[in-house]
Amino acid sequence: MQLNHAQRELTVKVVYYGPGLSGKTTNLQMIHARTAGEGRGKLLTVETHDDRTLFFDLLPVFFHTKGGYTVKVKLFTVPGQVIHNATRRVVLQNADGVAFIADSRRTASQENNQYWGNLQDNMRENGLNAAQVPVVIQFNKRDLPDTKTDAELEETRARGKEPVIGAVAIRGEGVLETLYAVLQLAYRKMDEQAGLGRNIGLGEAEFLKLVFARMDTGGTHIADWLASGGGPR
Amino acid sequence: MSEGGDSGRPRHGESAPRLDERPLSVLERRLTLGDMLDTATFAELVKSFAELYKLGVKVFDDKGNRLADMKSGNGDFCGYVFSFPEGKRCCTQTVARVKDGPLATTQNARAPQAPAGTKLHGMIAVPCFTGLRYLVLPILWEGDVLGRVVFGPFTPDEMGDVPPSLTDLTPGLDLAQAQSYLAKIRRAPESTIVKVLLHFAQLLETLVAAGQKTFLTSQVHIEATLESNRDLEAQNRRLEQMNLQLKDMDRLKSSFLATVSHELRTPLTSIIGYSEMLSEGLVGPLNQEQTEYVKTIMDKGDTLLKLISSILDVTQIEAGKVRLSFEPISVNDLVTSALSSIKPQAQKKGLTVDLKLPSRAVEVRGDREKLRQVMVNLLSNAVKFTPKGGWVQVLVTEAKFQPELDADGWRFVVQDSGVGVPSDQLEKIFQSFYQVDNSSTREFGGAGLGLAIVKSYVEGHGGTVRVQSELGQGSRFEVVLPVQPPPPRALIAPPLSEAPPAPVERF
């Protein structure tokens, strides 16, 4: 997070992490498609000819608060291929929240674990305290055969403190919910560090409301969560 | 997280020292218009635009730095007006308003004339006191104002003659002259210029998007490369550290072995000495059986002494305590002398020993004792591992250029018709204590130190030793040594492998 009082600007960084081809770029594409033009920048993607992310993707979402601050939420993806670890570490620097996109298929468990370990390693290398940076797990590709059952997702959820969200990113299912969950936790973390509510008059409800104000949240849980101040677990 | 300025340092709860070594990533910096535009290409675009529409075009970043500036047709007119003191003052004021003034309909600016429903993206019109006009458009990117585009001055279509505001301010102005200069400036309806400027803005947005992509990816690529470098350097440091530790451990081991060997040798010398006195009858005659027993004690004692001496040699080499002392040597004499020491065993086994010396004596520098030991070790191995009735050939070459050494050198070759060495163990036989057959019931004795000593001494002379062998057919050991050896070198410790970290089970 970068809080610039002189320019009255708050920049929040969210990184979509996970194994190659788990759907990180698809998540950003769906958010881009569901956000009105004036509330977001262009989606910057750098892909190879076989649709693999080469460096990162970047989607900026921005809005103005009642207190006169400009808030920029920058959504990044990392390249999933093993050889790009240095790039992953560069992109992960100073992340305020991480959405870990896992492939739900049973065959992907080993790779998910491997990248989970890689995330912890890179956080440590970046001087980030893995216990303090909020992470949300998205189990993507729920529509494919041989995926883990809901009961198994429940087991994963019980094994750690991270919220776990099922998704079919290619159809947009679970994408905004994942973003909501990671931003909610990121806000709480930033508020704890910098007192956003006290210092710039930006509360959690306003923050989340403004992020999703220009997004098409139809068919998602976002409206309910915004109304109740709740979220996934 | 950072607070306060653009280049604020990250201040996370738990900060590793590495963070301080690293500048803020380009992904967290606020980019300027100059970062994202290739200025040379952009200048070309602005030039062609200005020429096509006969309009002045200027582009500034948010700090007021000029990124592009093309004039078109207004030079003479503006220059003429500027030559009058009051004209100069007003002109400077207008230019400042256009360049640095607020991007709002205040301070003399108003909304431009455009067909209803046109999205103006914050464009303003700024009139000049001469009656000319400027259009100014903010460059917006991701909600930030990155700079502004200024179009003009142009002559609004509705403008007739030079306005009174100009003639009043600049007494002495030659109206005919001013009119003729004015005719060179593009005359157009304001709404037309608005359209052109909006089109220019679209082009600019495309350029900025492409430029941002190129800039960010190339910078991230550089950062990632530096990151990889840092990784490699850290790994190198770890390996160096580990290597030092291993060398220390190795020295410790060698020093321990040297001490123990020394302590073993002292009492053993007494055992052999007293046995000798016994066998020589110095304390009274022995019967035949007693003599045989004492001889066995002496024989075994001798074997043990040789073994301990070898261990002492190896450990001293490994502890870096061996200093080779080089002197002029006649290779022919040295080989002949070494050969004579193994002749008795060879004869006992009925081996044919053949020696080929070069016709001209080979004169080199080297450590006489150590080279003699190299030869004796290779020769006694040949004799030991060659069955009865076999042969051993020894060859010494003349001193000449040796490609392996890239210097003048000579070769000492020992070939035998012995049991040979399995091909997968050829590399290992030069290691200390290595035995091809390491079973407890093996046929050939020895501690497996002879070749390790050979290798150390040869390498200490700056030479190499090679082996070729075929199982059951025999072996060929070839030593290449320089005529002029370089100063002695240290040994290299073997690498250790680290245990892999335990896998994380989150999924």
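1. Digging into the overall build of chain B
On a plain count of helices and strands, chain B comes out with twelve helices and 15 strands. A burial count over chain B gives 41% of its 507 residues as buried. Summing over all exposed atoms, chain B offers an accessible surface of approximately 27600 Å²; the carbon and sulfur share of this is 55%.

2. Considerations on the nonpolar core
By size, the foremost hydrophobic cluster in this structure holds 67 residues, and its most contacted members are Phe 56 and Phe 100 of chain A together with Phe 151 and Phe 200 of chain B. Considering each element in turn, this core owes the most residues, 13 residues, to helix α8 (residues 190-279) of chain B. Excluding anything up to four places from it in sequence, Phe 200 of chain B contacts Phe 42, Leu 45, Val 46, Phe 49, Val 57, Val 59, Val 149 and Phe 151 of chain B. Val 314, Leu 371, Val 414 and Val 465 of chain B belong to the second largest nonpolar core, which has 46 residues in total.

3. Considerations on the packing of aromatic side chains
Residues and elements named next belong to chain B. Within this structure, the stated rule accounts for 17 aromatic pairs over all chains. Seen in terms of ring centroids, Phe 49 and Phe 200 are 4.9 Å apart; in terms of plane orientation they differ by 70°. Their pairing is edge-to-face. Residue Phe 49 is found in helix α3 (residues 39-53), and its partner Phe 200 is found in helix α8; the two are separated by 151 residues along the sequence. On the basis of relative accessible area, Phe 49 is assigned to the buried category, the value being 6%. For Phe 200, a relative accessible area of 1% puts it in the buried group. The structure contains a cluster of three or more aromatic residues connected by ring pairs, namely Phe 42, Phe 49, Tyr 53, Phe 151 and Phe 200.

4. A closer look at the interface of chain A and chain B
Contact residues are listed per partner, giving 55 residues for chain A and 42 residues for chain B. On the chain A side of the contact with chain B, Gln 2, Asn 94 and Asn 113 of chain A bury the most area, a combined 13% of that side's loss. At the junction of chain A and chain B, the tally comes to seven salt bridges. A salt bridge links Lys 13 of chain A to Glu 28 of chain B, with the shortest nitrogen-to-oxygen separation between them at 3.2 Å.

5. Things to note about the pattern of salt bridges
Opposite charge on two side chains lets them pair, provided their charged atoms get close. Applying the stated criterion across every chain yields a total of 40 salt bridges over all chains. Note that Asp 121 of chain A is salt-bridged to Arg 124 of chain A, the shortest N-O span being 2.7 Å. Taken together, the positions of Asp 121 of chain A and Arg 124 of chain A, both in helix α3 (residues 109-125) and three residues apart, correspond to about one turn of that helix. Here Glu 227 of chain B ties to Arg 230 of chain B by a salt bridge, and the two come within 3.1 Å at their closest N and O atoms. One end of the pair, Glu 227 of chain B, and the other, Arg 230 of chain B, are both in helix α8, three residues apart, so they sit about a helical turn from each other.

6. What about the packing of helix α2 (residues 85-92) of chain A against α3 of chain A?
All names here are of chain A. Between α2 and α3, the least distance of the axes is 10 Å, while the angle of their chain directions is 60°. Taken together, α2 and α3 sit at an angle that is classed as oblique. Crossing handedness for the pair α2 and α3: right-handed. From α2, Asn 85, Arg 88, Arg 89 and Leu 92 reach across to α3, where they touch Tyr 115, Asn 118, Leu 119, Asn 122, Met 123 and Glu 125. Taken together, the residues of the contact of α2 with α3 break down into four nonpolar, three polar and three charged.

Definitions and cut-offs
Residues numbered from 1 in each chain as written. Chains lettered and ligands numbered in written order. Predicted model: local features only at pLDDT ≥ 70, side-chain atom pairs only at ≥ 80, totals over all residues. Heavy atoms only, no water. Helix = DSSP H or I, 4+ residues; strand = E, 2+ residues; numbered from the N terminus. Buried < 20%, exposed > 50% of the residue type's maximum accessible area, 1.4 Å probe, protein only. Areas by Shrake-Rupley, 256 points an atom, 1.4 Å probe, with all protein chains shown as cover. Core = buried A, V, L, I, M, F, W, Y, C linked by side-chain atoms within 4.5 Å. Contact = heavy atoms within 4.5 Å. Phe/Tyr/Trp six-rings, centres within 6.5 Å; stacked < 30°, edge-to-face > 60°. Buried area = accessible area lost by both parts, 1.4 Å probe. Salt bridge = Lys/Arg side-chain N within 4 Å of Asp/Glu carboxyl O. Axes fitted to C-alpha atoms, helices over the stretch in contact; angles between N-to-C directions. Parallel < 35°, antiparallel > 145°, perpendicular 65-115°, else oblique. Left-handed = near helix turned anticlockwise from the far one by under 90°. Nonpolar A, V, L, I, M, F, W, Y, C, P; charged D, E, K, R; others polar.

These figures come from the coordinates and say nothing about function on their own.
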